[in-house]
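Chain residues, written in single-letter form:
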Amino acid sequence: MGLVYALGAYLSWGLVVPVHFRLLSAFSPSHILAVRILWSCLFAVGLVLAWRRRVRSPFPLRPRHGLLVVSAGLIGVNWLLYLQAVNGGHLLDASLGYYINPLISVALGAVVLGERLRPLQVAAVGVAAAGVGIAVGWAGAVPVVALALAVSFALYGLVRKIVGVDPLVGFLAETLILMPAAATWVALSPEPALPPDPRDFALLALTGVTTALPLIWFAAAAERLRLATLGLMQYLAPTCLLALSVLAYGEELAPHAVAMFGLIWLALALYAFDLLRAGRRSPVEPGARPDAARIPRPLPRA
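Residues numbered from 1 in each chain as written. Predicted model: local features only at pLDDT ≥ 70, side-chain atom pairs only at ≥ 80, totals over all residues. Heavy atoms only, no water.

Draft legend 1. Examining the overall build of the protein chain more closely. Broken down by element type, the protein chain carries 11 helices and zero strands. Within the protein chain, buried positions represent 47% of all 302 residues. Within the protein chain, counting contacts between residues at least 6 apart in sequence, those at least 24 apart form 89% of the total. Summed over all atoms, the accessible surface of the protein chain reaches about 14,200 Å², with 69% contributed by carbon and sulfur. (Helix = DSSP H or I, 4+ residues; strand = E, 2+ residues; numbered from the N terminus. Buried < 20%, exposed > 50% of the residue type's maximum accessible area, 1.4 Å probe, protein only. Contact = heavy atoms within 4.5 Å. Areas by Shrake-Rupley, 256 points an atom, 1.4 Å probe, with all protein chains shown as cover.)

What follows is the structure, given as structure tokens:
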């Protein structure tokens, strides 16, 4: 079942979510974000009430829990950038951002948390950085959206790792923190939060579901699969985004983008090989399921 849950999460992030948001292109990204926060908050409250016996309590509160304000801001920025990329016809930028994201997370872990990088991981980060550098030099422009998506989500992951709360509780806290700003935006916006068209209303309401459900499936997969398996499968989402952008929405891969993606795929191949090799060497803990490994708590995504 772990593979099924992981496939559900990554295919949702790579196919269902971008198609869903493209269907909402009549609304501005800011309005979709505000409504998404409100519906996600309501959905998260319902889940916490329904699963209250399974959710780890955050009490007593610690000073580090105040960092949820920072993580809420980071995930809000990440969601807005993603919406602008999807509705603006820049799925390639979104795909590139989520290819780069794991490598930035590795670099942040080394610099901020003092995590030691194995030689192949250092090589992977270097190759990915070279890919972005070559593309910038070739095209004469920095892939701002892709880098902003990657950096904002990597920083978000770092903050959530430091905070260390139950994924669902943290997600609820973040949506509650963002809710006043979202409610104010909706109240002042000329765009309707409850559109009269049943189709538009249903699509806006479903943003809460398509935000939270992949997170739940990811959490279920994380409890059942090895870290190496989960790490490899995470590249399904940006690969689906890339295919969707080119095959379904007609975006073109410029020569500099081909070179950049090629080097990033090489970096990911090195990174994946290193994960697999390390996974084979890691002993399974006594009493643990053979296919399980101790991994960080899962985090919400776009």
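Draft legend 2. Representation of helix α6 (residues 144-163) in the model. The end-to-end C-alpha distance of α6 is 28 Å, a good match for the 28 Å that 20 residues give at a rise of 1.5 Å each. Following α6 by one or two positions, glycine 164 has its phi on the positive side, about 65 degrees. (Expected span 1.5 Å × (residues − 1).)

Draft legend 3. Spotlight on the packing of helix α2 (residues 29-50) against helix α3 (residues 68-87). Closest axis-to-axis distance for the α2/α3 pair is 9 Å, and the angle between their directions is 135 degrees. Classified by the angle between their axes, α2 and α3 sit oblique to one another. Of the two elements, α2 crosses α3, and the hand of that crossing is right-handed. In this structure, α2 contributes Pro29, Ser30, Ile32, Leu33, Arg36 and Ile37 to the contact, and α3 contributes Gly76, Trp79, Leu80, Leu83, Gln84 and Asn87. (Axes fitted to C-alpha atoms, helices over the stretch in contact; angles between N-to-C directions. Parallel < 35°, antiparallel > 145°, perpendicular 65-115°, else oblique. Left-handed = near helix turned anticlockwise from the far one by under 90°.)

Draft legend 4. Inspection of the packing of helix α4 (residues 91-112) against helix α10 (residues 236-248) at higher detail. Contact geometry of α4 with α10 gives a least axis separation of 8 Å together with a crossing angle of 165 degrees. By the angle between their directions, the pair α4 and α10 is classed as roughly antiparallel. Relative to α10, α4 is oriented so that their crossing is left-handed. Residues Leu91, Leu92, Ala94, Ser95, Tyr98 and Tyr99 of α4 lie in contact with α10, whose contacting residues are Pro238, Thr239, Leu241, Leu242, Leu244, Ser245 and Val246. Among the residues making up the contact of α4 with α10, the classes are represented as 10 nonpolar, three polar and no charged. (Nonpolar A, V, L, I, M, F, W, Y, C, P; charged D, E, K, R; others polar.)

Draft legend 5. A look at α4. An ideal rise of 1.5 Å per residue puts 32 Å on 22 residues; α4 measures up with 30 Å between its terminal C-alpha atoms. Where α4 bends most, at asparagine 101, the angle is about 30 degrees, and the proline proline 102 comes one to four residues later. Buried residues dominate α4, accounting for 16 of its 22 residues. A positive backbone phi angle near 70 degrees is found at glycine 114, which sits one or two residues after α4. (Bend = angle between axes of the 7 residues up to and from the residue.)

Draft legend 6. Focus on a nonpolar patch on the surface. Among the surface-exposed residues, Leu7, Leu11, Leu15 and Val16 lie close enough to one another that they form a single nonpolar patch of about 290 Å² accessible area. Secondary-structure assignment places valine 16 in helix α1 (residues 2-22). (Patch = residues over 30% accessible without salt bridge, like charges linked within 9 Å, V, L, I, M, F, W, Y side chains within 5 Å. Salt bridge = Lys/Arg side-chain N within 4 Å of Asp/Glu carboxyl O.)

Draft legend 7. Focus on the packing of aromatic side chains. A full pass over the atoms with the stated rule returns 10 aromatic pairs. Each ring, one from tyrosine 99 and one from tryptophan 265, has its centre 6.1 Å from the other, and the planes form 85 degrees; the classification is edge-to-face. Taken together, the residues tyrosine 99 in helix α4 and tryptophan 265 in helix α11 (residues 255-281) connect sequence positions 166 residues apart. The class for tryptophan 265 is partly exposed, based on a relative accessible area of 39%. Joined through ring pairs, the aromatic side chains of Phe21, Tyr82, Tyr98, Phe153 and Tyr156 make up one cluster. When the ring centre of tyrosine 249 is taken as origin, the NZ or CZ atom of arginine 22, which lies over that ring, is 3.9 Å away. If you follow arginine 36 out to its NZ or CZ, it ends over the ring of tryptophan 79, 4.5 Å from the centre. (Phe/Tyr/Trp six-rings, centres within 6.5 Å; stacked < 30°, edge-to-face > 60°. Lys NZ or Arg CZ within 6 Å of the ring centre and 35° of its normal.)

Draft legend 8. Up close: the nonpolar core. Ranked by size, the top nonpolar core spans 58 residues in total, and within it Tyr10, Trp13, Phe21, Leu24 and Tyr82 carry the most contacts. The set of elements that each furnish at least two residues to this core consists of α1, α2, α3, α4, α6, α7 (167-188), α8 (198-222) and α10. Dropping the residues within four chain positions of it, leucine 24 is found in contact with Ile32, Asn87, Asp200, Leu203, Leu204 and Thr207. Residues Leu242, Phe261, Ala267 and Tyr271 belong to the second largest nonpolar core, which totals 26 residues. (Core = buried A, V, L, I, M, F, W, Y, C linked by side-chain atoms within 4.5 Å.)

Draft legend 9. Layout of the pattern of salt bridges. If you walk through the whole model with that rule in mind, you get four salt bridges. Note that arginine 118 is salt-bridged to aspartate 274, the shortest N-O span being 2.7 Å. Here arginine 118, found in the loop between α4 and α5 (119-139), pairs with aspartate 274, found in helix α11; they are 156 residues apart in sequence, far enough to count as distant. Across the pair arginine 199 and aspartate 200 runs a salt bridge, and its minimum N-O distance is 3.3 Å. In this structure aspartate 200 comes out as buried when scored by relative accessible area, which is 15%. Residues joined in a network through salt bridges with shared partners are Arg118, Asp274 and Arg277.

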